[in-house]
Amino acid sequence: MLGERIPQKVGNIGIVGNCSPCRFNTSGMSSITFEKGNYTVLYTAPMRDYHLQAAFERPYGVNVTLPEEFDIRNPLLAGMNPGAEIIGNSDNTTTVIWTKTMSVDLRFYDKNREALFYLFGNFWVVIAIVLLVPFLITVRHKE
């Protein structure tokens, strides 16, 4: 989010709105233009490191729907910029909604990353117990 903006290559661009079909123009690799109105812009882009970031020139309403294999409920593994509303859907997907935001920053995780996190946490709890038990036993014997 700091520094120069780097456009990302996207594909399958589409616009949905009160038009049939909705027309738009692409300009280079980084922008699309269309008539003024209320639209939903759809596109496909590569995702890296379970992290989604977007920056806009003006405030927009943004909805991000995560498939059921991804989650954002654990604050130690996930995070998002303030002002987000999280909605759990009936089909086990999760929708995150921002109203009038100029940037989106969403970190999410899958089940494997969550399992590794708990395994790592349990490993350190066991090490702490192994190191503390002899210390506590020697303190009791000295009294």
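Here's a quick rundown of the structure. All of these numbers come straight from a predicted model, not from anything done at the bench.

Rules used throughout
- Residues numbered from 1 in each chain as written.
- Predicted model: local features only at pLDDT ≥ 70, side-chain atom pairs only at ≥ 80, totals over all residues.
- Heavy atoms only, no water.
- Disulfide = S-S within 2.5 Å.
- Buried < 20%, exposed > 50% of the residue type's maximum accessible area, 1.4 Å probe, protein only.
- Core = buried A, V, L, I, M, F, W, Y, C linked by side-chain atoms within 4.5 Å.
- Helix = DSSP H or I, 4+ residues; strand = E, 2+ residues; numbered from the N terminus.
- Contact = heavy atoms within 4.5 Å.
- Phe/Tyr/Trp six-rings, centres within 6.5 Å; stacked < 30°, edge-to-face > 60°.
- Pairing = 2+ DSSP bridges.

Notes on the state of the cysteines
Scanning the entire structure with this criterion turns up one disulfide. A sulfur-sulfur separation of 1.7 Å characterises the disulfide bridge that pairs Cys19 with Cys22. Because the sign of the S-S torsion sets the handedness, a value of about 110 degrees for the bond joining Cys19 and Cys22 places this disulfide among the right-handed ones. For Cys19, a relative accessible area of 29% translates into the label partly exposed.

A short note on the nonpolar core
By size, the foremost hydrophobic cluster in this structure holds 12 residues: Val62, Val64, Leu66, Ile72, Leu77, Ala78, Val96, Trp98, Val104, Leu106, Phe108 and Tyr109. Elements with a minimum of two residues in this core: strand 5 (51-66) and strand 9 (94-107). Top contributing element to this core by residue count: strand 9, with four residues. Those residues in contact with Leu77 that sit more than four places away from it in its chain are Arg107, Tyr109, Arg113, Glu114 and Phe117.

Observations concerning the packing of aromatic side chains
Applying the stated rule across the entire model yields eight aromatic pairs. Relative to Phe70, the ring of Tyr50 has its centre 5.8 Å away and its plane inclined at 65 degrees; by these criteria the two rings are edge-to-face. Taken together, the residues span a long stretch of sequence, with Tyr50 in the loop between strand 4 (40-44) and strand 5 and Phe70 in strand 6 (residues 70-71) at a distance of 20 residues. Consider the rings of Phe56 and Tyr60, whose centres lie 5.5 Å apart with planes at 70 degrees: the pair is edge-to-face. The class of Phe56 is partly exposed, set by a relative accessible area of 22%. In this structure Tyr60 comes out as partly exposed when scored by relative accessible area, which is 38%. One aromatic cluster is present, formed by Tyr50, Phe70 and Phe108 through successive ring pairs.

Quick look at the pairing of strand 9
The side chains of a regular strand alternate between both faces of the sheet. Across 11 bridges, strand 5 lies against strand 9 in antiparallel orientation. Note on strand 9: the bridge partner recorded for Leu52 is Leu106. As judged from the two bridges shared by strand 7 (residues 79-80) and strand 9, these two strands associate in the antiparallel manner. Bridging across to strand 9, Gly79 finds its partner in Arg107. Two elements, strand 8 (residues 85-88) and strand 9, share four bridges in a ladder whose sense is antiparallel. From the neighbouring strand, Gly88 faces strand 9, where its bridge partner is Thr94. Taking the residues between adjacent antiparallel strands as the criterion, strand 8 and strand 9 are bridged by five residues, where Asn92 takes a positive phi near 65 degrees.

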